[in-house]
Amino acid sequence: MSEAILEVRNYSGAFRSATGDLTPILEDVSYRLKTGAMTAVVGETGSGKSLTALSVLGLQPATFVRTSGEILFKGRNLVTLEEREIRAVRGAQISMVFQDARAAMNPVFTVGSQLADVYRLHHGSSKREAMAKAIDALRRVYIPEPERRARQYPHEFSGGMAQRAMIALAALICQPQLLILDEPTTGLDVTIQAEIMELIVDLTKNSGLTTCLITHDLGVVAETCDEVVVMNSGRVLETASAEAIFTAPQNPYTRKLLAASQLVQSEAEAA
């Protein structure tokens, strides 16, 4: 069995209401991310896949309360870390790309300056060297005219280009060991989605990354991922290799997801 860089073990939690009542939302969630592999966590909206991923970096909502379990990164339990300790992990060791790249960037600073500032924060350098690294990162994610684009603001980027810039920031500027992507192609047209996923696969293979892809798009998973974790209603229902999931799914919910995905694909091809 391949070594795991991250293990979620029996992780449970609930949302606390204003009156103090707890509503369970995650129940005994357990899965592992194999080092160097690309693992998909799939399920419907509200299945708990994004909430679990946010918990890895201590970014879960303030109303969420962990009731049991642990999240181990290279053997270190992240849920017991103090805020200053988890801040040292964010970006430098584990990075995350969110759905809306433009919303995740500061609108009043240029894209290049934001990448350069993060580079200086994590690696230390002169402003000139950091900007050179920022421009090179934009070039490596195939953004045209990276020198000019680095001087532009997030609102001047298309959705696909902004997502590329965020991947450059998370994967190339931060240089983490684990990259988490939360629905990175949502809202993008099919051609741009394919380009973004090709970029993610390339970075995973060539930059020594372990990648966790949170998605509901099983078509993307079939083409890109090594391992699959299936979640529903705050539980893990099935974990297996991508090949096993798509050829011999064991859980009825997994079979339902696959059938729904095939129906959507058939309708899209018919249109």
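Residues numbered from 1 in each chain as written. Predicted model: local features only at pLDDT ≥ 70, side-chain atom pairs only at ≥ 80, totals over all residues. Heavy atoms only, no water.

1. What to know about helix α7 (residues 159-173)
For step 1, the next point in the chain: Here α7 spans 20 Å end to end across 15 residues, near enough to the 21 Å set by a 1.5 Å rise per residue.
For step 2, the next point in the chain: Among the 15 residues of α7, 14 are classified as buried, and the element is accordingly described as predominantly covered.
For step 3, the next point in the chain: Glutamine 175 sits one or two positions beyond α7 and adopts a positive phi of about 55°. (Helix = DSSP H or I, 4+ residues; strand = E, 2+ residues; numbered from the N terminus. Expected span 1.5 Å × (residues − 1). Buried < 20%, exposed > 50% of the residue type's maximum accessible area, 1.4 Å probe, protein only.)

2. Things to note about the environment of glutamate 44
For step 1, the next point in the chain: Mapped onto the elements of the fold, glutamate 44 is located in the loop between β3 (38-42) and α1 (49-56).
For step 2, the next point in the chain: Counting along the chain gives 208 residues from glutamate 44 to proline 252, while the straight-line C-alpha distance between them is 14 Å.
For step 3, the next point in the chain: With residues up to four places along the chain from it excluded, the contact list for glutamate 44 reads Lys49, Met231, Asn232, Tyr253 and Leu257.
For step 4, the next point in the chain: A distance of 2.9 Å separates a polar atom in the side chain of glutamate 44 from a polar atom in the side chain of tyrosine 253. (Contact = heavy atoms within 4.5 Å. Polar contact = N/O pair within 3.5 Å; in protein donor to acceptor, adjacent residues only side chain to side chain.)

3. Some thoughts on helix α5 (residues 127-140)
For step 1, the next point in the chain: Here α5 contains 14 residues, and its C-alpha end-to-end distance of 20 Å stays within 8% of the 20 Å for a straight helix at 1.5 Å per residue.
For step 2, the next point in the chain: Among all positions in α5, only Ala130, Ala134, Ile135, Ala137 and Leu138 are buried. Summarising the axial view, the buried residues of α5 lie within an arc of 155°, below the 170-degree limit, and thus occupy one face.
For step 3, the next point in the chain: Here the buried face of α5 lies against α4 (111-123), α6 (146-149) and α7.
For step 4, the next point in the chain: Looking one or two residues beyond α5, the residue adopting positive phi is tyrosine 142, at roughly 65°. (Arc of directions from axis to C-beta.)

4. Notes on the sheet that holds strand β2 (residues 22-34)
For step 1, the next point in the chain: Ordered in space as β2-β1-β4-β5, the four strands form an open sheet in which the pairing is antiparallel. Of all strands in the sheet, those with a lone pairing partner are β2 and β5 (76-77), marking the two edges.
For step 2, the next point in the chain: Across nine bridges, the pairing between strand β1 (residues 4-16) and β2 is antiparallel. Its bridge partner being in β2, tyrosine 11 is matched across the sheet by valine 29.
For step 3, the next point in the chain: Strands in contact with α1 are β1, β2 and β4 (64-73); relative to β2, the strand with the most contacts, it is inclined by about 70°. (Pairing = 2+ DSSP bridges. Axes fitted to C-alpha atoms, helices over the stretch in contact; angles between N-to-C directions.)

5. A short note on the sheet that holds strand β9 (residues 227-232)
Hydrogen bonds along the backbone pair up the strands of a sheet, which may run parallel or antiparallel.
For step 1, the next point in the chain: Read across the sheet, six strands follow the order β6-β7-β8-β3-β9-β10 without closing on themselves; strand pairing throughout is mixed. Two strands close off the open sheet at either side, each with one partner strand: β6 (94-97) and β10 (235-241). Adjacent strand axes in the sheet meet at a mean angle of 15°, parallel and antiparallel pairs treated alike.
For step 2, the next point in the chain: With six bridges connecting them, β9 and β10 associate as antiparallel partners. Bridge pairing links asparagine 232 to arginine 235 in β10.
For step 3, the next point in the chain: Packed on one face of the sheet, α1 meets β3, β6, β7 (178-182), β8 (210-215) and β9 and runs near 145° to β8.
For step 4, the next point in the chain: Across the sheet, α7 is in contact with β6 and β7; its angle to β6 comes to roughly 175°.

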